[in-house]
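Structural description and commentary
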Amino acid sequence: KQFENMLIVEKGLSPISLENYRLDLTIFFQSFLPIKERVEDLTPYDLSDFVKQQSRFGLSSKTIHRRLSTVKSFFLFLQREGHYTQEWLDVKAPKLPQHMPITLSVDEIEALLKAPELATPDGIRDKAMLEVMYGSGLRVSELLSLKISQLDRLKGVFRIIGKGNKTRLVPVSDYALEAVDDYLRYREAMTRFRSPFLFLSKRGLPLSRQFFFQRIRSYGQKVGITVPISPHTLRHSFATHLLEAGASLRAVQSMLGHASVVTTQLYTHVSSQRILSAFDLYTKKK
């Protein structure tokens, strides 16, 4: 319980992240109970045994990484609070496979942005959501939790509250601003909702991830995009297209809200691959 309170107060974790931490720790404890009933019963080798056990269960490297990270955080907390004094081993999790994110071409993005029917209320809203997500590279959680007050119309930026309650300013494209203005004019003229949230359902409530995921999938199918896309595909495409257009890695890192530039570097590989593929295609045509 003390550890959970620390995660809330110091790290500003969301309820979903807290539940993930709680689940990972429960699995760790269940692996050793009733052999280990007190903090003093834990040994430095328990981390390594836990990783080996999870690997034997056939879990993915990504899941094992997350669970190990959670348990390490808990051990560090115990040490910091004086509950655990032993030096624990620096346990390594299985190497993570590097999955290249799915990225759409500029033409595919343009087709996707034109997919919503602007003659319908849902289409006006969806158009604005797609433009904002691609034009600003937001995480889907950041998009769906956006409040009208976070938009500075004069400066053309969103004040985004990202992971760990860190705030960053993200530029908004002119196309996105125009689409948001159209949507807000519709909201004011046609609905009775006065919610602080920007994007609302027909009942005036914030939208769910599942709803937006389904909308993007349906729009992708409508315009003939054959790869499976998700809201995150727009964020990947935003970063890749910026780098291809000459933006600096640090600038893209800042806009995406990545804590480390190493995370952003993945998009340089995607960008390079796309350039090489285009070059190969050109030379074959020649």
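See the structure printed just above.
Quick look at the structure, then. These numbers come from a predicted model, not from an experiment.

Side chains that are nonpolar tend, in soluble globular proteins, to be buried together. Counting residues in each nonpolar core, the largest one holds 44 residues, and the members touching the most others are Val132, Leu143, Leu146, Phe158, Phe199, Phe212 and Leu234. Every element with two or more residues in this core is listed here: helix H5 (106-113), helix H6 (121-136), helix H7 (140-144), strand S2 (157-161), helix H8 (174-190), helix H9 (209-222), helix H10 (231-244) and helix H11 (249-256). By residue number, the principal contributor to this core is H6, which donates seven residues. Those residues in contact with leucine 234, other than ones at most four positions away along the chain, are Ile109, Leu112, Leu130, Met133, Tyr134 and Ile216.

Note on pairing: side chains with opposite charge can pair once their charged atoms come close. Applying the stated criterion to the full structure yields 17 salt bridges. Among the salt bridges present, the one from aspartate 24 reaches arginine 66, with a minimum N-O distance of 2.8 Å. A residue pair is termed long-range when its members are at least 10 positions apart, and aspartate 24 in helix H2 (residues 15-32) and arginine 66 in helix H4 (residues 61-80) qualify at 42 residues. Judged by relative accessible area, which is 0%, aspartate 24 ranks as buried. Residue arginine 66 is classed as partly exposed on the basis of its relative accessible area of 36%. Salt-bridge contacts for arginine 153 lead to aspartate 181; the nearest nitrogen and oxygen are separated by 2.6 Å. Here the residue arginine 153 occupies a position in the loop between strand S1 (151-152) and S2, and aspartate 181 occupies one in helix H8, the gap between them amounting to 28 residues. Classification of arginine 153 as partly exposed rests on a relative accessible area of 41%. Through salt bridges with shared partners, a single network forms among Asp122, Arg125, Asp126, Lys202 and Arg215.

A few words now on the packing of aromatic side chains. Enumeration according to the criterion identifies nine aromatic pairs in this entry. Arranged with centres 5.2 Å apart and planes meeting at 75 degrees, the rings of phenylalanine 3 and phenylalanine 74 form a pair that is edge-to-face. Taken together, the positions of phenylalanine 3 in helix H1 (residues 2-9) and phenylalanine 74 in helix H4 put the pair 71 residues apart, joining distant regions of the chain. Judged by relative accessible area, phenylalanine 3 falls into the buried class, the value being 3%. Through a chain of ring-to-ring contacts, three or more aromatic side chains come together here, namely Phe3, Tyr21, Phe28, Phe29, Phe50, Phe74, Phe75, Phe77 and Tyr84. The positively charged end of lysine 147 is found above the aromatic ring belonging to phenylalanine 197, 5.4 Å away from the centroid.

What counts and how
- Residues numbered from 1 in each chain as written.
- Predicted model: local features only at pLDDT ≥ 70, side-chain atom pairs only at ≥ 80, totals over all residues.
- Heavy atoms only, no water.
- Core = buried A, V, L, I, M, F, W, Y, C linked by side-chain atoms within 4.5 Å.
- Buried < 20%, exposed > 50% of the residue type's maximum accessible area, 1.4 Å probe, protein only.
- Helix = DSSP H or I, 4+ residues; strand = E, 2+ residues; numbered from the N terminus.
- Contact = heavy atoms within 4.5 Å.
- Salt bridge = Lys/Arg side-chain N within 4 Å of Asp/Glu carboxyl O.
- Phe/Tyr/Trp six-rings, centres within 6.5 Å; stacked < 30°, edge-to-face > 60°.
- Lys NZ or Arg CZ within 6 Å of the ring centre and 35° of its normal.

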